[in-house]
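Observations on the model geometry
Next come the chains, spelled out residue by residue.
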Protein chains: 2
Amino acid sequence: MSSPSAVESFPAHTSAASQIFTTVLSQGPLTRLEVARRAGLSAAAVTKAVRPLIEAGYLVEDVDEDSRPALGRPANLVRVDGGRALFIGVKVTGDAIIGVLTDLCCRILVARHIPLAARDPKAVLGTAAELVRELLIEADGLGVRVAGLGMAVSGDVDRAEGVVRYSPFLEWRELPLAELAAMTTGLPVTVDNDVRALTVAEQWFGAGVGLSGFAVVTVGAGIGCGLVVHGRVVAGAHGVAGEIGHVTVDPAGPRCHCGNRGCVEAIASDDAIVRQVRAATGVQVADAIEAAGLAHDGIAGAREVYARAGDAIGRGIATVANLLGPERVIISGEGLAAYDLFADHIRDAFATAAFGSAARCDVWTRPLPFDEWARGAAATAIQSFIRSDAN
Amino acid sequence: MSSPSAVESFPAHTSAASQIFTTVLSQGPLTRLEVARRAGLSAAAVTKAVRPLIEAGYLVEDVDEDSRPALGRPANLVRVDGGRALFIGVKVTGDAIIGVLTDLCCRILVARHIPLAARDPKAVLGTAAELVRELLIEADGLGVRVAGLGMAVSGDVDRAEGVVRYSPFLEWRELPLAELAAMTTGLPVTVDNDVRALTVAEQWFGAGVGLSGFAVVTVGAGIGCGLVVHGRVVAGAHGVAGEIGHVTVDPAGPRCHCGNRGCVEAIASDDAIVRQVRAATGVQVADAIEAAGLAHDGIAGAREVYARAGDAIGRGIATVANLLGPERVIISGEGLAAYDLFADHIRDAFATAAFGSAARCDVWTRPLPFDEWARGAAATAIQSFIRSDAN
DNA sequence: CTTCTTTCATTGACAGCGGAAAATAAGGAG
DNA sequence: CTCCTTATTTTCCGCTGTCAATGAAAGAAG
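No experiment lies behind these values; they were computed from the predicted model shown.

**A word on the overall build of chain A**
Looking only at helices and strands, chain A features 12 helices and 16 strands. For chain A, whose C-alpha radius of gyration is 22 Å, the value lies close to the compact-globule estimate of 21 Å for 391 residues. Projected onto its principal axes, the C-alpha coordinates of chain A cover approximately 65 × 55 × 40 Å. Counting all 391 residues of chain A, 55% fall into the buried class. The long-range fraction of contacts in chain A, counting pairs at least 24 apart against all pairs at least 6 apart in sequence, stands at 61%. Element-wise, carbon and sulfur atoms account for 51% of the exposed surface of chain A, whose accessible area totals about 15800 Å². Computing the positive centroid from 34 side-chain charges and the negative centroid from 44, chain A places the two 5 Å apart.

Following this line, the structure appears as structure tokens:
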């Protein structure tokens, strides 16, 4: 995290303290005893770690009138005061920048987006700065300081250094984005890969809470995958990880932009579906929405394309499950708008291709509004804020 | 680890101490300063942790006369005294039990194997006990105590509980192997999946030393894969992980015993190769060795089978690399005897199917004598011995 | 209304770990 | 013999987290 303005910093310097805070943050209001249990610490340690966090206003005490036990002293719940600090998350796509203002609990307070004219770093940075400025004004209105900015970009991103190594889509190489954005906005900046950012959000605030191993699969313009193993997001030795989109599903399948044939992405991405629906039906559909329309109208050719796409995704997920044995797979992404068209095929293909007990992993689906990508970016900023040695 | 005889235990109770010992164990003789650097600790901490380990005889000091620096005080090397404790590793296969006696550095001192008449737990346990008895006599001859027994079994094994959940090959279910073997042999017993055990051996004593993410791919009777992510062996939520053998490579390929088509294992396992070579050449080869013989003789049909097998393995490895971004992939296994027949195809398929920087992961090959499987089992015993919270 | 019982939370003493800095050791060079 | 350099050890010292004991906050029992 590149941090120019070292304002008052988060008062959890020991690993145990930040672990305790993280537990409360993601597992909702808990009694101190319960926190101790989940964090594997003594109750005394929790009491001691919680006090300064309460004094600093990051945690607050609550009494749960409802679930008062029949016997014994009632517990005091501890929860995070979301309003204590705000964060901005920014997702850069090819044609727009999406920004959200969230609270410390990563709840979206404001969402904005600005179309993007050009993709060169200067243009993007300028637009992003404008968006951040708008959100800062909103934050001012709330009277709460913004404690960090997270930026999510597709491609090979080095979070530790805050550098975008290579983003094919934006045609950026070795861009020190964190440093640049920190200079422009005056905020501490965290930069990460977009799918990993989304995965962080799921891990701390979503369907991955409490799990030590899970996968997030995004379906849309591309097919992406974020992996959490041993409780940590997998980053890969060379910045590559979770490339489920380029798992080969059918070596005789359509050619993929990566050069191979039959990648999941060449069969199930929005583009691939549009292309295949056009070929199958002869209708020149403009985008995935129209393609889904044809399928919803019952046009056989279009429905088959979705069936094949679902099959490809299901096989891809099965591959992940076979290799890593995640506790859960979370399917998400804009493509889920047409989820009814391939849900069954995903499930069938997964059930067939998963080996043995790997099939016991539960497959969840979550709608993913586009803002969520930006929320993921905010989640990385929150993570960096809480523990500077984040990862 | 099921431990009936709690003899004198290993004197490294803090996490740092066992981390220091592990560093010295796997990274060979090191100066204290170098240990400190690699373990991320201060020199003082290393000095303090090393002393009791030297007093207990697990570490010894060495002077490296050769590489004395021109300037300054020469360093004292610290290394593990392999002779301080012995371990027994046992690998159970369908038709034999292989056992090795190793020292603390996991060097094989004696290797034995006994054919197996039946596969039921009682028969296997009896034979294993016999083998262990023989190795204990060898150990007695050396005058060193055996500090642990590791057992490696294929299938779903719960190492923490020491229970074989389900081994399809042996037809065992929910067998508390660690407990049974501990009662029979009187030794502390660790039980793990065979491929994971091999992976532990590579991680601590082989080509995975010092890497935080790598994969071991075994080629032979089956196609297996052990994964290390974030420095830890991946176990999978339901005991399944690393099932590269059932990654689909060609949905139109040959049927696999798992019910699907075109799994790597259905194309590249010994059995699959024999079957395909028979079909391609009409020669009723008896085993993989004869099949390789035909290919070495230049018979086109046989060579093609190996080409396809290499292609399948290379694609499988590429899938792992795309998903996890390991720093290295170690190809190993009995099948490597015919490595010259498919090496190029593995490399080509990997280079083609790996996405972007994932192709930068280095692919190593290591011959794997059958004893190595048993050595892997011994490695798990050593691991358990060193840190009781092993995983 | 007092006392018990039960469970949650806090306190204070304390042990141990690991770091920083200073001291010591072990060479070679001059 | 002294100085310089690098390795190792020693000597504090602060900090963390545990333990065991104590306080607190109910409802239950009498």
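Let us keep going from here.
**Remarks on the sheet that holds strand β10 (residues 172-175) of chain A**
Residue and element names in this part refer to chain A. Taken together, 3 strands build an open sheet; the order of strands is β8-β9-β10 and the sheet is antiparallel. Looking along the sheet, the strands with just one partner apiece sit at the ends: β8 (156-158) and β10. Neighbour to neighbour, the strand axes of the sheet diverge by 15° on average, direction disregarded. Note that strand β9 (residues 163-167) and β10 share 3 bridges and pair antiparallel. Looking across to β10, one finds that V164 is bridged to L175.

**Considerations on the protein's contact with DNA strand C**
For DNA strand C, the set of nearby residues contains 22 residues, the closest of which are R32(A), G72(A), A16(B), S42(B) and K48(B). When the atoms of DNA strand C within 4 Å of the protein are sorted by group, sugar and phosphate make up 69%. Within the contact set of DNA strand C, a phosphate oxygen lies 3.0 Å away from a side-chain nitrogen or oxygen of R51(A). Between DNA strand C and K48(B), the relevant distance is 2.4 Å, taken from a base oxygen to a side-chain nitrogen or oxygen of the residue. Element by element, the count of residues in the surface near DNA strand C is highest for helix α3 (residues 43-55) of chain A, at 4 residues.

**A few points about the domain arrangement of chain A**
When its domains are assigned, chain A resolves into domain 1 (15-80), domain 2 (84-201 + 372-386) and domain 3 (209-365). Placing the centre of domain 1 of chain A and that of domain 3 of chain A at their C-alpha centroids yields a distance of 40 Å.

**Notes on the interface of chain A and chain B**
Listed as interface residues are 39 residues of chain A and, on the opposing side, 39 residues of chain B. A buried area of about 3400 Å², summed over both sides, lies between chain A and chain B, and 61% of it is on carbon and sulfur atoms. In terms of surface lost to chain B, no three residues of chain A exceed H230(A), L323(A) and F355(A), which account for 22% of the buried area on that side. The interface formed by chain A and chain B includes 0 salt bridges. At the junction of chain A with chain B, the criterion picks out 17 residue pairs in polar contact (both at pLDDT 80 or more). Among the elements that make up the side of chain A that touches chain B, the one with the highest residue count is helix α10 (residues 300-324) of chain A (6 residues). Tallied by class, the residues present in the side of chain A that touches chain B amount to 20 nonpolar, 12 polar and 7 charged.

Reading the values: rules and limits
Residues numbered from 1 in each chain as written. Chains lettered and ligands numbered in written order. Predicted model: local features only at pLDDT ≥ 70, side-chain atom pairs only at ≥ 80, totals over all residues. Heavy atoms only, no water. Helix = DSSP H or I, 4+ residues; strand = E, 2+ residues; numbered from the N terminus. Rg over C-alpha atoms; globule rule 2.2 N^0.38 Å. Buried < 20%, exposed > 50% of the residue type's maximum accessible area, 1.4 Å probe, protein only. Contact = heavy atoms within 4.5 Å. Areas by Shrake-Rupley, 256 points an atom, 1.4 Å probe, with all protein chains shown as cover. Lys, Arg positive; Asp, Glu negative; His and termini not counted. Charge placed at Lys NZ, Arg CZ, Asp CG, Glu CD. Pairing = 2+ DSSP bridges. Axes fitted to C-alpha atoms, helices over the stretch in contact; angles between N-to-C directions. Near = heavy atom within 4 Å. Polar contact = N/O pair within 3.5 Å; in protein donor to acceptor, adjacent residues only side chain to side chain. Domains from an automatic or database assignment. Buried area = accessible area lost by both parts, 1.4 Å probe. Salt bridge = Lys/Arg side-chain N within 4 Å of Asp/Glu carboxyl O. Nonpolar A, V, L, I, M, F, W, Y, C, P; charged D, E, K, R; others polar.

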